[in-house]
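# Fold and geometry: a report
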Amino acid sequence: MTQAADSRVAHLPTTQYFCPSGDYDEMWRRADQDPEGFWGEQAMDLDWFKRWDKVLDWKVPYARWFVGGKLNLSYQCLDRHMKTEVKNKVAFYWEGELGDSQVLTYAELYRLTNNYAAALKRLGVKRGDRIALYLPMIPALPIFMLACARIGAIFTVVFSAFSGQALADRVEDVEAKIIVTSSGMHRRGKILPLKDNAVEAAKRCPCVEKIIVVKHTGHNVEMDPSRDVWLNDLLAGCDEYVAPEHMDSNDPLFVLYTSGSTGKPKGILHGTGGYSLWIAKTMQWAFNTDAQTVWWCTADIGWITGHSYVVYAPLELGLSSVMYEGAPDYPTLDRWWSIIEKYGVTILYTSPTAIRMFMRHGEEWPAKHDLSSLKILGSVGEPINPEAWLWYYRHIGHERIGISDTWWQTETGGFMISPTPGIQPHFLKPGSATKPMPGIVPAVLDAEGKELPNGQTGFIVIKKPWPGMLLDIYHNPELYQKTYWSRFPGYYLPGDYCMKDQDNFLWLLGRADEVIKVAGHRISTAELESAIVGHSAVAEAAATSRPDEIKGEAIIMFVTLRKGTPPSVEIKNELTRHLRATIGTLATPEEIFFVNLLPKTRSGKIMRRLLKAVATGATVGDTSTLDDGASVDEAKAAFAELS
Ligand code: WTA
C-alpha cells in the first residue's frame with residue numbers, strides 16, 4: 001500500500017492554487033506552541049455575550065474550550081448580520097427536484113428562525129429538551145436547526161433515507177419530545193412517505209409528544225389531531241422576536257448518530273463555542289471564501305458535512321449558498337452543472353462517489369454548461385482516487401483551479417486535514433488531503449503505538465485537542481473513552497489508515513476498523529449484522545465490503561439460514577428488503593451469499609479478515625487459528641458461484 005501511494009506521488013502532476021498572502025507554517029506553529037493564545041485570538045471573531053475565563057481546559061479525554069464564555073450560534077449566523085449589508089444578501093438559493101425554487105435572504109431567515117423558535121416554545125420546548133429533525137433538503141430543516149440553537153434545544157437530525165425503525169432507535173436514545181418531519185420527499189420523481197416513518201417511530205417511543213409536519217408534497221397525509229400538527233397551523237400568530245439563549249460555550253448543540261464498532265449507532269455530541277469557531281475558521285482556510293462566494297455543498301444535511309458546511313459555517317461567514325433537494329442525475333445528467341451555471345456557483349464541495357458517477361457518464365454533460373464561475377473545488381467523505389481527482393480537475397475545474405480534499409469525521413466537527421488556500425498557496429497532489437489545519441497535530445503510529453517514519457502506512461492519531469472536537473458520546477462516556485482514547489492513551493484515534501510521504505503530505509487510505517463507507521455514507525458491519533439476524537430466517541451473519549468503482553465500497557454479506565429455509569433468490573430479496581426497512585436504503589447489500597458455516601476462530605469469533613479476502617478475491621493468508629477450514633472454502637465457493 002505504501003509503495004503504491006508513493007509511486008502515485010511520483011507520477012502525477014502537482015498543481016498550485018491562487019492564494020492570498022498568509023503564513024501557513026507560522027500559523028500552524030503558533031497553534032501548536034501556544035494554543036490558548038492562538039485560539040483566544042481567533043475566537044475574537046465570534047460575538048460573545050460574555051467572554052470566556054479560560055481558553056482551554058484539557059483533561060484527557062475531555063477538552064473544554066472557552067470555559068465560562070456565553071454565546072448563541074443562531075446569533076452568530078443571523079442576528080449579527082442584521083447590523084451589516086449581509087442582512088439583505090441571499091443566504092440560500094433553494095432548488096427543488098421538480099424545478100421549483102426559493103430565495104431566502106438573511107433577513108428572511110432571521111424572521112423565520114424567530115417564528116419557528118416561538119412555535120417550538122409554544123409547544124413547551126425548553127432549553128436542554130431534545131428534538132428529532134427528520135426532514136428532506138428543504139429550507140425548513142436549516143430553519144429548525146437554527147431555531148433549536150436559538151432556544152437551546154438539542155436537536156438530532158436523522159437522514160431522510162433512514163427507515164422508520166432507524167429513526168425510532170435514534171429518537172429513543174436521545175429521548176426526543178418532538179419529531180419534525182414533512183408530508184413526504186421527492187426523489188427521482190417519486191414521493192417517499194416520511195410522515196409514515198415518523199408515525200412508526202412515535203408509536204414505538206413514548207417520549208414523543210408531538211409530530212410537527214411540514215407540508216411539502218401534495219399527497220394526502222393522515223393526521224392524528226392529538227399528536228400531529230401542521231407547521232403552518234403552528235406558526236399562525238408566532239411572529240414575535242425570540243431572544244437567543246445565552247448558551248455556555250460547552251453546552252450541547254446537537255447529537256448526530258454515526259456508526260462505529262457496535263451494533264447501535266452512537267450519538268456524537270457537539271458543543272457550542274469551540275464547534276462554532278472551528279467550522280467557520282476551517283471553511284475560510286480550506287476554501288478562501290469571501291463576500292462574493294456562492295457556495296454549494298452537495299451533502300445532505302443529515303450528515304455532519306451538511307450540519308457544518310451547508311448550514312452553520314456558511315451562515316456564520318455571511319455567504320450565499322445553494323441548497324438542492326433532489327438527485328444529482330435527475331431528470332437529466334446535467335442537473336448539477338445547470339445549477340452551477342444558473343446561480344454562478346464559485347465553490348463546489350462534493351464527494352468522490354458523485355465525481356466517479358459523473359465520470360462514468362462522460363464529460364459531455366458538464367461540457368454543455370458554462371462553469372467558469374467556479375474558483376475552487378472540494379471533495380469529502382472517502383478517499384479520492386487520483387483518476388477521479390484528475391477528472392474533476394480537468395473536466396469541472398478546466399485545469400484552472402485547485403481541489404481542497406478535506407479529511408475529517410462526524411466526531412471532529414470540521415475539516416482536519418486539507419489544503420488551505422485561504423491561508424497560503426501550496427502544492428497539491430491528486431489523492432492526498434495534504435496538510436493538517438492549524439491546531440491539528442497528527443502522527444502515524446504502528447500497532448504498538450510507535451511513530452512510523454515517512455513513507456510507511458499506519459494508524460493516524462491526533463495528539464492534541466482542537467476546538468471542533470466532540471464533547472462526548474451522548475450518555476455513554478465509557479464508549480467515548482474506549483472508542484477514541486484507549487488504544488493509544490492520550491491520543492485521539494480516528495480509525496483511519498494514513499501515510500505521510502517524503503514531503504510531509506498526508507494520504508488518508510480508508511478505515512482501519514469495521515466501518516464501511518458506501519457512497520461516503522458511514523455504516524458498520526455490526527449494525528448490518530444485527531439488523532439481518534433480526535430476520536427470523538437468519539441464524540448467523542457476517543458483513544464485509546469490497547471495493548466498488550463508483551461507490552468506493554459495496555456491502556457484501558455472508559449468511560447462514562436457519563433449518564427449514566433453503567437458500568433462494570426470494571429469500572435473498574426478502575433479506576435485502578428487511579435490511580432496507582430496518583436501517584434504510586443505504587444498507588442495501590451488493591450481494592448476499594448463503595453458507596453453512598461462517599469461518600470462526602477457536603474462541604468463536606468470526607474471522608472477518610478471511611471473508612473480506614474472499615469477497616475481494618485476495619489471498620486468504622494465515623488460517624492457523626481457524627476452527628473449520630471448510631468454511632473458508634465454502635465462502636469462496638459461494639462467492640465464485642454467484643459473482
Ligand atoms: C472518511 C464525513 C479520505 C474517513 C466528513 C473518515 C475520508 C470517515 C475523507 C468519516 C477524505 C472523510 N479522504 N477519507 N477527504 N473524508 N473520509 O463521520 O474514513 O461520515 O474516518 O464524516 O470518512 O466519515 P463521517
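Keep in mind that this is a model prediction, so the values were computed, not measured. (Residues numbered from 1 in each chain as written. Predicted model: local features only at pLDDT ≥ 70, side-chain atom pairs only at ≥ 80, totals over all residues. Heavy atoms only, no water.)

## Description of the UniProt feature "domain: AMP-binding enzyme C-terminal" (unreviewed entry) in the protein
Listed under "domain: AMP-binding enzyme C-terminal" (unreviewed entry) in the UniProt record, and renumbered for this structure, are residues 527-605. Helix makes up 25% of residues 527-605 and strand makes up 32%, while its end C-alpha atoms are separated by 16 Å. (UniProt positions renumbered as here; feature names shortened; annotations may be inferred. Helix = DSSP H or I, 4+ residues; strand = E, 2+ residues; numbered from the N terminus.)

## Quick look at the layout of surface pockets
Roughly 330 Å³ of volume is contained in the second largest pocket. Taken together, 16 residues form the lining of the second largest pocket, with Tyr 116, Ala 140, Val 214, Lys 215 and Leu 231 sitting closest to its centre. Class assignment for the residues of the lining of the second largest pocket results in 12 nonpolar, three polar and one charged. (1 Å grid on protein atoms, 1.4 Å probe; cavity = no way out; pocket = protein on both sides within 12 Å on 5 of 7 lines; lining within 4 Å. Points joined across faces, edges and corners; volume = space filled by probe spheres on them. Nonpolar A, V, L, I, M, F, W, Y, C, P; charged D, E, K, R; others polar.)

## Section: the UniProt feature "domain: Acetyl-coenzyme A synthetase N-terminal" (unreviewed entry) in the protein
With numbering aligned to this structure, UniProt lists the feature "domain: Acetyl-coenzyme A synthetase N-terminal" (unreviewed entry) at residues 24-77. Segment residues 24-77 splits into 43% helix and 26% strand. End C-alpha atoms: 27 Å apart.

## Brief notes about the packing of helix α2 (residues 24-33) against helix α3 (residues 35-42)
Helix-helix packing is described using two parameters, namely the angle between the two axes and the distance between the axes. At a minimum axis separation of 5 Å, α2 and α3 run at an interaxial angle of 115°. Residue-level contacts link Met 27, Arg 30, Ala 31, Asp 32 and Gln 33 of α2 to Pro 35, Gly 37, Phe 38, Glu 41 and Gln 42 of α3. Within the contact of α2 with α3, the residues separate by chemical class into four nonpolar, three polar and three charged. (Axes fitted to C-alpha atoms, helices over the stretch in contact; angles between N-to-C directions. Contact = heavy atoms within 4.5 Å.)

## Observations concerning the packing of aromatic side chains
Following the criterion strictly, the structure yields 43 aromatic pairs and no others. Consider the rings of Tyr 93 and Tyr 343, whose centres lie 4.9 Å apart with planes at 35°: the pair is tilted. Of this pair, Tyr 93 sits in strand β5 (residues 90-95) while Tyr 343 is found in helix α12 (residues 335-343), placing the two residues 250 residues apart along the sequence. A centroid spacing of 4.9 Å and a plane angle of 50° characterise the contact between Phe 159 and Trp 303, whose relative ring orientation is tilted. Pair noted here: Phe 159 is in the loop between β8 (154-157) and α7 (164-174) and Trp 303 is in the loop between β17 (294-297) and α11 (304-316), with a separation of 144 residues, a long-range link. Classification of Phe 159 by relative accessible area gives buried; the value is 9%. The exposure class of Trp 303 is buried, given its relative accessible area of 15%. Here the basic side chain of Arg 51 rests over the ring of Trp 52, its NZ or CZ set 4.5 Å away from the ring centre. (Phe/Tyr/Trp six-rings, centres within 6.5 Å; stacked < 30°, edge-to-face > 60°. Buried < 20%, exposed > 50% of the residue type's maximum accessible area, 1.4 Å probe, protein only. Lys NZ or Arg CZ within 6 Å of the ring centre and 35° of its normal.)

## Concerning the site of the ligand
Looking at the ligand, there are 17 residues lining it, with Asp 405, Thr 410, Arg 511, Lys 517 and Arg 522 nearest. For the ligand, a nitrogen atom lies 3.4 Å from a polar atom in the backbone of Pro 383. A distance of 2.8 Å is found between a nitrogen atom of the ligand and a backbone nitrogen or oxygen belonging to Thr 406. Burial of the ligand by the surrounding chains reaches 97%, relative to a free accessible area of 530 Å². (Near = heavy atom within 4 Å. Polar contact = N/O pair within 3.5 Å; in protein donor to acceptor, adjacent residues only side chain to side chain. Areas by Shrake-Rupley, 256 points an atom, 1.4 Å probe, with all protein chains shown as cover.)

## A short note on empty space enclosed by the protein
For the structure shown, the criterion picks out four cavities of 30 Å³ or more. The computed volume of the largest cavity comes to approximately 70 Å³. Lining the largest cavity are 14 residues, and of these Trp 65, Asn 250, Gly 274, Pro 467 and Leu 471 sit closest to its centre. Elements with a minimum of two residues in the lining of the largest cavity: β3 (62-67) and α10 (273-287). By volume, the second largest cavity amounts to about 50 Å³. What lines the second largest cavity is simply Asn 72, Leu 73, Ala 149, Gly 152, Ala 153, Met 247, Pro 252, Leu 253 and Thr 272.

## Looking at helix α13 (residues 352-361)
For α13, the buried fraction is high: seven of the 10 residues fall into the buried class. Listing the buried residues of α13 in full gives Pro 352, Thr 353, Ala 354, Ile 355, Arg 356, Met 357 and Phe 358. Taken together, the buried residues of α13 touch α12, β19 (347-350), β20 (376-379), α15 (386-396) and β31 (552-561). The first or second residue beyond α13 is Gly 362, which carries a positive phi of 100°.

## A look at unusual backbone geometry
Between Val 60 and the following residue, Pro 61, the backbone shows a cis peptide bond with an omega angle of 0°. In this structure, the amide linkage connecting Tyr 330 to the following residue, Pro 331, adopts the cis form with an omega of -5°. Positioned with a positive phi, Phe 66 is a non-glycine residue whose angle comes to about 55°. Checked against the element boundaries, Phe 66 lands in strand β3. The residue Asn 504 is not glycine, and still its phi comes out positive at about 65°. For Asn 504, the position within the fold is in the loop between β26 (496-500) and β27 (506-511). When its relative accessible area of 39% is taken as the criterion, Asn 504 is described as partly exposed.

## With respect to the side chain of Lys 435
Tracing the backbone through its elements, the reader meets Lys 435 in the loop between β22 (427-428) and β23 (442-445). Nearest to the buried, unbridged Lys 435 among oppositely charged side chains is Asp 25, at 5.5 Å. Setting aside chain neighbours within four positions, we find Lys 435 in contact with Tyr 24, Met 416, Ile 417, Ser 418, His 426, Asp 503, Asn 504 and Phe 505. (Lys, Arg positive; Asp, Glu negative; His and termini not counted. Salt bridge = Lys/Arg side-chain N within 4 Å of Asp/Glu carboxyl O.)

## A closer look at the sheet that holds β20
Taken together, seven strands build an open sheet; the order of strands is β6-β5-β18-β17-β19-β20-β21 and the sheet is mixed. Of all the strands in the sheet, just β6 (101-105) and β21 (403-405) have a single pairing partner and so form its edges. For this sheet, the mean inter-axis angle between neighbouring strands, taken without regard to orientation, is 20°. In this sheet, strand β18 (residues 320-324) lies alongside β5 in parallel orientation, the contact comprising four bridges. (Pairing = 2+ DSSP bridges.)

## Comments concerning the sheet that holds β27
The four strands lie next to each other as β23-β24-β26-β27, forming an open sheet whose pairing is antiparallel. Pairing within the sheet leaves two strands with one partner each, and these edge strands are β23 and β27. Sheet twist, expressed as the mean angle between neighbouring strand axes with direction ignored, is 45°. When β26 meets β27, the two strands line up antiparallel, connected through four bridges. Bridge pairing in β27 places Lys 500 opposite Leu 506.

## Things to note about the packing of α10 against α11
Look at α10 against α11: their axes get within 9 Å of each other, and the N-to-C directions meet at 85°. When the interaxial angle is binned, α10 and α11 end up roughly perpendicular. Taken together, the residues of α11 that come into contact with α10 (itself represented by Tyr 275, Ser 276, Ile 279, Ala 280, Thr 282 and Met 283) are His 307, Ser 308, Tyr 309, Tyr 312, Ala 313, Pro 314 and Glu 316. Looking at side-chain class alone, the contact of α10 with α11 contains eight nonpolar, four polar and one charged residues. (Parallel < 35°, antiparallel > 145°, perpendicular 65-115°, else oblique.)

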